[in-house]
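A closer look at the structure
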Amino acid sequence: MSSSARTRVVQFGLGSIGLMAVKAVLGRTDLELAGAIDDDLKKVERDVADLSGLRRPSGIRVSNRPQEVLGVKRPQVVLHATQSGLADVFPQLSYCLEAGAHVVSTCEELVFPTVRQPRLARDLDFLARSKGSVVLGTGANPGLVMDTMALVASAACLDVRSVRVERIVDASTRRESLQRKVGAGLTRSEFRRGLSKGTLGHRGLLESVHLIANGLGWDLDKVAEKVTPVLSPRSMKTEFVTIRKGEVAGIHHVCKGFAERKEKIRLDLQMFVGVKKPGDQINIKGKPDVTLSFEKGVAGDEATVAMLLNMIPAVLEASPGLRTMSDISVPRFRA
Ligand SMILES: NC(=O)c1ccc[n+]([C@@H]2O[C@H](COP(=O)([O-])OP(=O)(O)OC[C@H]3O[C@@H](n4cnc5c(N)ncnc54)[C@H](OP(=O)(O)O)[C@@H]3O)[C@@H](O)[C@H]2O)c1
């Protein structure tokens, strides 16, 4: 493939997900990595291939000056993986859109941004439209396993009465930031404090509930969320944390959506160290009932990176504006 046919990509955010994305982009013949942005001074000026653990240098040095990189490199698409809250990432997304780039982001709140941040969502949509760009929030969860996959499964139904999704993840197989986010190794009171400060827990379940409801055309009149710690029955150790008996091994997070007093959507997420049987299951009650299972579960980190790359063609084809996974073409790998 000639270099002119390759899609020029900048990676914004070089944590675990961003560095995995860099590795994936550098291994592709249809994508060209044009730049890399991160504000961590330990990463700035380093060759991004070296940071990703690759032996061959890429010639691309990490910069902490996003506007300069985006203005000079003029990427078609920015792969964005920095933070979870839309208010935090709004300036970063604005730089990308101002430079005329499309954005595919792992920001959890961006998966269905009108719930928590209606004003920012409207501003982002306006900016994207005015620049002829698309901005999309995606990932494994939220973005695929507990929402988009349920919407795709509903295509087999003539009627849908309710949707239930259960995801059980062995947190010991996941990146360090996730193990810390689920509170592995904390005492119960440390867990409660982290949860109330908003520094702990999974982000995005509420967004998944709204993405499903919106995709199915349901108006919810109530959404209820509950997060409880899963306590460890014995001492355990992962690559990153040590958990003593009785300490927190992870979280159990349930989010339900109701319409006309009936539970229409129930998302049940368990992520802890020591899971015996990981897996994902989608159950649709309807005409007919549909069950979709992923034995052992979808690998979250890899699937998040895959979604970043796999949504590039869909974003290039979509009409400008703020898009969600329910109004963009079917997510898939394209050779
Ligand atoms: N939707 C999904 O399914 C899904 C899946 C996985 C992850 N995520 C989300 O995706 C994001 C990235 O995940 P991760 O595990 O890679 O996170 P991470 O390890 O915390 O890495 C984030 C990187 O972005 C940098 N960064 C933060 N703010 C920045 C800014 N304003 N400008 C430039 N760089 C900035 C950070 O640098 P500093 O350390 O210096 O701040 C860090 O290097 C997180 O918000 C995570 O929750 C979503």
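Let us look at the structure shown here. (Residues numbered from 1 in each chain as written. Predicted model: local features only at pLDDT ≥ 70, side-chain atom pairs only at ≥ 80, totals over all residues. Heavy atoms only, no water.)

**Quick word on the sheet that holds strand β14 (residues 290-295)**
- Sheet architecture is open: six strands sit in the order β8-β11-β12-β7-β13-β14, paired in mixed fashion. Each end of this open sheet is capped by a strand with a single partner; those strands are β8 (222-231) and β14. Sheet twist, expressed as the mean angle between neighbouring strand axes with direction ignored, is 10 degrees.
- Inspection of the sheet shows strand β7 (residues 159-170) paired to strand β13 (residues 279-287) by nine bridges, in the antiparallel sense. Bridging across to β13, S162 finds its partner in K285.
- The strands that helix α8 (residues 188-197) touches are β8 and β11 (248-259); relative to β8, the one it contacts most, it runs at about 150 degrees. (Pairing = 2+ DSSP bridges. Helix = DSSP H or I, 4+ residues; strand = E, 2+ residues; numbered from the N terminus. Axes fitted to C-alpha atoms, helices over the stretch in contact; angles between N-to-C directions. Contact = heavy atoms within 4.5 Å.)

**Re the packing of helix α1 (residues 16-26) against helix α10 (residues 300-310)**
- Between α1 and α10, whose axes approach to 9 Å, the crossing angle comes to 55 degrees. The pairing of α1 with α10 is recorded here as oblique in orientation. At the point where α1 passes α10, the crossing takes the right-handed sense. Where α1 abuts α10, its residues I17, M20, A21, A24 and V25 lie against D301, E302, T304, V305, L308 and L309.
- Tallied by class, the residues present in the contact of α1 with α10 amount to eight nonpolar, one polar and two charged. (Parallel < 35°, antiparallel > 145°, perpendicular 65-115°, else oblique. Left-handed = near helix turned anticlockwise from the far one by under 90°. Nonpolar A, V, L, I, M, F, W, Y, C, P; charged D, E, K, R; others polar.)

**Quick look at the site of the ligand**
- Neighbouring the ligand are 26 residues, the closest being D38, T106, E108, R175 and K181.
- A distance of 3.2 Å separates an oxygen atom of the ligand from a polar atom in the backbone of S16.
- A distance of 2.9 Å separates an oxygen atom of the ligand from a polar atom in the backbone of A140.
- Considering the ligand on its own, with 920 Å² of exposed area, one finds that the protein chains cover 79% of that surface.
- Secondary-structure elements contributing two or more residues to the shell around the ligand are α1 and α7 (176-181).
- For the shell around the ligand, a count of residues per class yields six nonpolar, 13 polar and seven charged.
- Composition of the shell around the ligand by domain shows at least three residues from each of domain 1 (3-139 + 303-323) and domain 2 (148-298). (Near = heavy atom within 4 Å. Polar contact = N/O pair within 3.5 Å; in protein donor to acceptor, adjacent residues only side chain to side chain. Areas by Shrake-Rupley, 256 points an atom, 1.4 Å probe, with all protein chains shown as cover. Domains from an automatic or database assignment.)

**Brief notes about the sheet that holds strand β6 (residues 134-137)**
- Spatially, the seven strands line up as an open sheet ordered β3-β2-β1-β4-β5-β6-β15, and their pairing is parallel. The sheet is open, and its two borders are formed by β3 (62-63) and β15 (321-323), each paired with just one other strand.
- Note that strand β1 (residues 7-12) and strand β4 (residues 77-80) share four bridges and pair parallel. Its bridge partner lying in β4, V10 is registered against V78.

**Describing the pairing of β11**
- In terms of burial, β11 is largely enclosed, as 10 of its 12 residues are buried.
- Here β11 pairs with strand β12 (residues 262-272) via 10 bridges, running antiparallel. Residue pairing across strands places H252 opposite Q270, the latter belonging to β12.
- Connecting β11 to the next strand, β12, in antiparallel fashion are two residues, including E260 with a positive phi near 45 degrees. (Buried < 20%, exposed > 50% of the residue type's maximum accessible area, 1.4 Å probe, protein only.)

**Some points on the environment of D88**
- Here D88 lies in helix α4 (residues 86-98).
- C-alpha separation for the pair D88 and V273, spaced 185 residues apart in sequence, amounts to 29 Å.

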